[in-house]
Amino acid sequence: MAIVIEQPDAPRSRKGAQWEKRAWIFMRISGVILIFLIIGHLLVNLVLPERGVKAIDFAFVAGKWASPFWQVYDGLILWLALIHGTNGMRTLVNDYSEREWLRKALNVTLWVVAAALILLGTLVITTFDPCIDPNVHNYLPDLVCKG
Amino acid sequence: MSTAVESVKEIAVVPSFTVTLFVRRFDPEKDEEPKWQDFDVTVFGTDRVLDALHKIKWEVDGSLTFRRSCAHGVCGSDAMRINGRNRLACKTLIKDLDISQPIYVEPIKGLKVEKDLVVDMNPFYQAYRDVKPFLIASDTPTAERIQSPEDRARFEDTTKCILCAACTTSCPVFWTDNQYFGPAAIVNAHRFIFDSRDEAAEVRLDILNDKEGVWRCRTTFNCTEACPRGIEVTKAIAEVKQAVLRGRR
């Protein structure tokens, strides 16, 4: 009887094998982009305004989100930072949770929270209305919210 | 004449000193948990940790169990955790350690302890087998396969591995996740992936592009520091990552 030896160079096919690779690439790319986004964020919010951190108030934020540029900018930080951070937490969970059900539960919780935060944040950035606040007249000139 | 004899005598006297060794002991037939046991050993400046262990085993307590074969840093049998660092007991001179303090000797971490300093190496060897650590070529060899010095230099560093498991058992990812291939398996895959004579680089890259493959590496550099052969392990892993991204060597 002939003995059949498995070909050592037979290709392996596994589902979802590319997932970890994509996650790794995402971490590298998002990490580099986030460095510049966050330095810019800190500069514009804390360093460049005359009164520094005290300049941040409702009007300041409203002024920024009136421009599509800052909507996209803040939206990018929100998405990249949350996915980057959650994926990092996922690797920690995978490292340290020994029981499979616990690992699954923690990972599902992580992604549900991240998705909720991304959804909420995106909603705020895209549908932000500076006139919704009754105190807004204290900060914004009347002509902004008329009509 | 007499002064010359005396000076020869002086050279011949190698100074000895006493060190305390705390050895992690575990007897599966008696102990529930491993425990520390201390031994005072008189050693010489030329002695290595392995010599002290021999002294204990041969003169004090014959039940002390550890692995060693060549005792000269070639076979890779006696990797152990000495003062919290993975080293070969046969390549660690006692005088190079801080001898004002006791020396702590433990089994390497992350593998099941079988007895004293002996661990179950099977998961380690299985990961090694899984990366197919042998030349895979389609042609029938009729003469030697010629390779240029440059092509050979490409994987020179990773040929030095002696499979002592010092790197894999210093890896925090391996400690918590035994499914991870570990640095040693990736180093040995690297040795063939970047060998110009080998034809199965893609297969090995596919194997290491796994959930428990190269992406688990967190570049903590513990492996590079632990390697008694001075292999740049983390660099080799990074090169394999790059090769996986390219899809070829």
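Cut-offs used in this document
Position numbers for residues count from 1 along each chain, tracking the sequence in the order it is written. To read the labels, note that chains go from A and ligands from 1, taken in the order they are written. In keeping with the model being predicted, local features are shown solely for residues with a pLDDT of at least 70 and side-chain atom pairs are shown and tallied solely at 80 or more, while totals for entire chains, interfaces and linings include all residues. Counting from the N terminus, the helices are the DSSP runs of H or I reaching at least four residues and the strands are the DSSP runs of E reaching at least two. To sort residues by exposure, count the other C-beta atoms lying within 10 Å of each residue's C-beta; 20 or more gives buried, 12 or fewer gives exposed, and values between give partly exposed, all with C-beta atoms placed from the backbone. Each residue gets a C-beta atom placed from its backbone, and two residues are in contact if those atoms lie within 7 Å. Domain delimitation follows an automatic or database domain assignment. Note on residue classes: Ala, Val, Leu, Ile, Met, Phe, Trp, Tyr, Cys and Pro are nonpolar, Asp, Glu, Lys and Arg are charged, and everything else, Gly too, is polar. UniProt positions are given in the numbering used here, feature names are shortened, and annotations may be inferred rather than shown by experiment. We call two strands paired when DSSP finds no fewer than two bridges between them.

Participant: Help me understand the overall build of chain B, please; the structure alone is not making it clear to me.
Facilitator: For chain B, the helix and strand inventory stands at 9 helices and 7 strands. Taking the principal axes of the C-alpha coordinates as reference, chain B spans close to 70 × 55 × 35 Å. Burial analysis of chain B (249 residues in total) assigns 43% to the buried set. When contacts within chain B are restricted to residue pairs at least 6 apart in sequence, those whose partners lie at least 24 apart make up 67%.

Participant: Would you mind going over the overall build of chain A with me for this structure?
Facilitator: Within chain A one finds 6 helices and 0 strands. Helices (α) and strands (β) of chain A occur, in sequence order from the N terminus, as α-α-α-α-α-α. Looking at chain A as a whole, 3% of its 147 residues qualify as buried.

Participant: Looking at this model, I keep getting lost on the domain arrangement of chain B. Mind explaining?
Facilitator: Frequently, the measure chosen for interface size is the accessible area that the parts lose on association. All names here are of chain B. Each assigned domain of chain B is listed with its residue range as follows: domain 1 (2-119) and domain 2 (122-246). One C-alpha centre belongs to domain 1, the other to domain 2; they are set 30 Å apart. Counting from both sides, the interface comprises 14 residues of domain 1 and, opposite them, 14 residues of domain 2. With 4 residues, the top contributor of residues to the side of domain 1 that touches domain 2 is strand 4 (residues 85-88). Taken together, the residues of the side of domain 1 that touches domain 2 break down into 6 nonpolar, 4 polar and 4 charged.

Participant: Which parts of the structure should I look at to understand the UniProt feature "transmembrane region" (unreviewed entry) in chain A?
Facilitator: Residues and elements named next belong to chain A. Cross-referencing UniProt, the feature "transmembrane region" (unreviewed entry) maps to residues 23-48, 68-87 and 108-128 in the present numbering. Between the first and last C-alpha atoms of residues 68-87 the distance is 28 Å; the span itself is 100% helix and 0% strand. Helix makes up 95% of residues 108-128 and strand 0%, with an end-to-end C-alpha separation of 29 Å.

Participant: Teacher, can you tell me more about the pairing of strand 5 (residues 103-106) of chain B here?
Facilitator: Strand direction decides the pairing type here: strand 1 (residues 16-25) of chain B and strand 5 of chain B, joined by 3 bridges, are parallel. Counted as the bridge partner of Phe22 of chain B is Tyr104 of chain B from strand 5 of chain B.

Participant: Honestly, unusual backbone geometry in this entry has me stumped. Any pointers?
Facilitator: All names here are of chain B. Positive phi values are uncommon outside glycine, yet Lys132 reaches one of about 55°. Within the element layout of this structure, Lys132 appears in the loop between helix 3 (122-130) and helix 4 (149-153). We classify Lys132 as partly exposed; it has 18 C-beta atoms within 10 Å. Backbone geometry places Leu163, a non-glycine residue, at a positive phi of 55°. One can find Leu163 in the loop between helix 4 and helix 5 (172-176). Residue class for Leu163 comes out buried when judged on the 20 C-beta atoms lying within 10 Å of it.

Participant: Even after reading the chapter, I still don't get the interface of chain B and chain A, so can you show me in this structure?
Facilitator: Contact with chain B, which involves 14 residues of that partner, is made by 11 residues of chain A. Those elements that provide at least two residues to the side of chain B that touches chain A are helix 5 and helix 7 (201-208) of chain B.

Participant: Can you help me understand the pairing of strand 1 of chain B in this one?
Facilitator: In regular strands, side chains alternate between the two faces of the sheet. Here strand 1 of chain B runs beside strand 2 (residues 35-44) of chain B; their pairing, made up of 10 bridges, is antiparallel. Residue pairing in the sheet places Leu21 of chain B in a bridge with Phe39 of chain B of strand 2 of chain B.

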